[in-house]
Amino acid sequence: MGDCIFCKIIFGEIPSVKIFENDKIIAFNDINPKAKVHILIVPKKHIESVKHLQAIDKELVGELILSAQQIAKEKNLEGYKLLFNVGREGGQLVDHLHLHLLSPEW
Ligand code: AMP
């Protein structure tokens, strides 16, 4: 957790372009976008990955998806992808759970 780049963003120790924030979730632009819209939706609780989710996190996961839906609505995105990369073999580079919101629209 000490060296976690997303924890540092959550604590404001490194900058980000913030899209949304509440007490449990933060969303910010991906620094290296893979689509015209590429936003990361991140729980403030440090959970390493989908593999590390527990039953107690059920509501939080729902809130991540609903946050993505809300952001997409505010940005008038007609279509988008929501993606969790899981584990190194699954393309996960940052070991703090995050949901990618990707859209080809501006
Ligand atoms: P993943 O491969 O699923 O772990 O995704 C990690 C994502 O975090 C990548 O798309 C990176 O471009 C993005 N990323 C890494 N560092 C930062 C940062 N400081 N601010 C915003 N996005 C970042």
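Just so it is clear, the structure is predicted and the values come from calculations on it, not from any experiment.

## Details of the overall build of the protein chain
The helix and strand inventory of the protein chain stands at two helices and five strands. Sequence-ordered secondary structure for the protein chain, helices as α and strands as β, is α-β-β-β-α-β-β. Taking 2.2 N^0.38 as the reference for a compact globule, 106 residues should give roughly 13 Å; the C-alpha atoms of the protein chain span a radius of gyration of 13 Å, in line with that estimate. The dimensions of the protein chain, computed from C-alpha atoms along their principal axes, are 35 × 30 × 30 Å. Evaluated residue by residue, the protein chain yields a buried proportion of 37% over its 106 residues. Sequence-distant contacts, at least 24 apart, represent 53% of the contacts inside the protein chain between residues at least 6 apart. Within the structure as shown, the protein chain displays about 6600 Å² of accessible surface, and the carbon and sulfur contribution to it stands at 56%. Charge-centre separation for the protein chain: the mean point of 13 positive side chains lies 2 Å from the mean point of 14 negative side chains.

## Some thoughts on the site of the ligand
Residues in contact with the ligand amount to 17 residues; listed here are only the nearest, D30, G91, L93, H98 and H100. Contacts to the ligand include D30, whose side-chain N or O atom sits 2.5 Å from an oxygen atom. Interatomic distance of 2.9 Å between a backbone N/O atom of V94 and an oxygen atom of the ligand. Bound to the protein, the ligand loses 88% of the 500 Å² it would expose on its own. A majority-of-atoms criterion places the ligand in the largest pocket. Elements with a contribution of two residues or more to the shell around the ligand: α1 (5-10) and β2 (25-29). Ranked by the residues each element gives to the shell around the ligand, the list is headed by α1, at three residues. Residues belonging to the shell around the ligand are distributed by class as follows: eight nonpolar, seven polar and two charged.

## With respect to helix α2 (residues 58-74)
For α2, built from 17 residues, the straight-helix expectation of 24 Å at 1.5 Å per residue is met to within 8% by its first-to-last C-alpha distance of 25 Å. For α2, the set of buried residues is L60, E63, L64, S67, A68, I71 and A72. Among the structural elements, β1 (18-21), β2, β3 (37-43), β4 (81-83) and β5 (99-103) are those in contact with the buried residues of α2. Looking one or two residues beyond α2, the residue adopting positive phi is N76, at roughly 55°.

## Brief notes about a nonpolar patch on the surface
Together, I65, Y80 and L82 line one region of the surface with nonpolar side chains, adding up to about 240 Å² of accessible area. Mapped onto the fold, Y80 is located in the loop between α2 and β4. Since its relative accessible area comes to 34%, Y80 is described here as partly exposed.

## Some thoughts on the layout of surface pockets
By volume, the largest pocket amounts to about 450 Å³. In terms of lining, the largest pocket is formed by 23 residues, of which the most central are F6, D30, I31, L40 and V94. Listed by contribution, the elements that provide at least two residues to the lining of the largest pocket are α1, β2, β3 and β5. With three residues, α1 is the largest single contributor of residues to the lining of the largest pocket. Its residues placed into classes, the lining of the largest pocket shows 13 nonpolar, eight polar and two charged.

Calculation notes
Per chain, the residues get numbers from 1 upward, laid out in the order the sequence is written. The predicted nature of this model means local features are confined to residues of pLDDT at least 70 and side-chain atom pairs, given and counted, to a pLDDT of 80 or more, with totals for whole chains, interfaces and linings taken over all residues. Think of the side-chain values as coming from all heavy atoms in the structure, minus any hydrogens and water. By definition, any uninterrupted DSSP run of H or I lasting at least four residues is a helix, any uninterrupted run of E lasting at least two residues is a strand, and each is numbered from the N terminus. Radius of gyration here is computed from C-alpha atoms only, and the compact-globule reference equals 2.2 Å multiplied by the residue count raised to the power 0.38. Each residue's exposure class comes from its accessible area (1.4 Å probe, protein chains only) as a fraction of the maximum for that residue type: buried when under 20%, exposed when over 50%, partly exposed otherwise. The contact definition used throughout considers only heavy atoms, calling two residues in contact when any of these lie within 4.5 Å. With residues, only the protein chains shown are counted as cover, and all accessible areas are computed by Shrake-Rupley using a 1.4 Å probe. Here Asp and Glu are counted as negative and Lys and Arg as positive; His is not counted, and neither are the chain ends. We put the charge of a Lys on NZ, of an Arg on CZ, of an Asp on CG and of a Glu on CD. Whether a residue is near a molecule or strand depends on its heavy atoms: if one lies within 4 Å, it is near. Whenever two N or O atoms come within 3.5 Å, that pair is a polar contact, provided that in protein one can donate a hydrogen and the other can accept it, and provided that, for residues adjacent in sequence, both atoms are side-chain atoms. In the cavity and pocket records, a cavity denotes points on a 1 Å grid over the protein atoms alone where a 1.4 Å probe fits but cannot get out, a pocket denotes an open set with protein on both sides within 12 Å along at least 5 of 7 lines, and lining residues are residues with an atom within 4 Å of a point. Placement in a cavity or pocket follows one criterion, namely that more than half of the molecule's atoms lie within 2 Å of its grid points. Side-chain classes follow a simple rule in which Ala, Val, Leu, Ile, Met, Phe, Trp, Tyr, Cys and Pro form the nonpolar group, Asp, Glu, Lys and Arg form the charged group, and the remainder, Gly included, forms the polar group. To estimate how far a helix should reach, multiply one less than its number of residues by 1.5 Å. Patch building starts from residues that exceed 30% relative accessible area and form no salt bridge, then joins like charges within 9 Å and nonpolar side chains (Val, Leu, Ile, Met, Phe, Trp, Tyr) within 5 Å. Salt bridges are defined as contacts in which a side-chain nitrogen from Lys or Arg sits within 4 Å of a carboxyl oxygen from Asp or Glu. Grid points are joined across faces, edges and corners, and a volume is the space filled by probe spheres set on the points.

In short, geometric facts, not functional conclusions.
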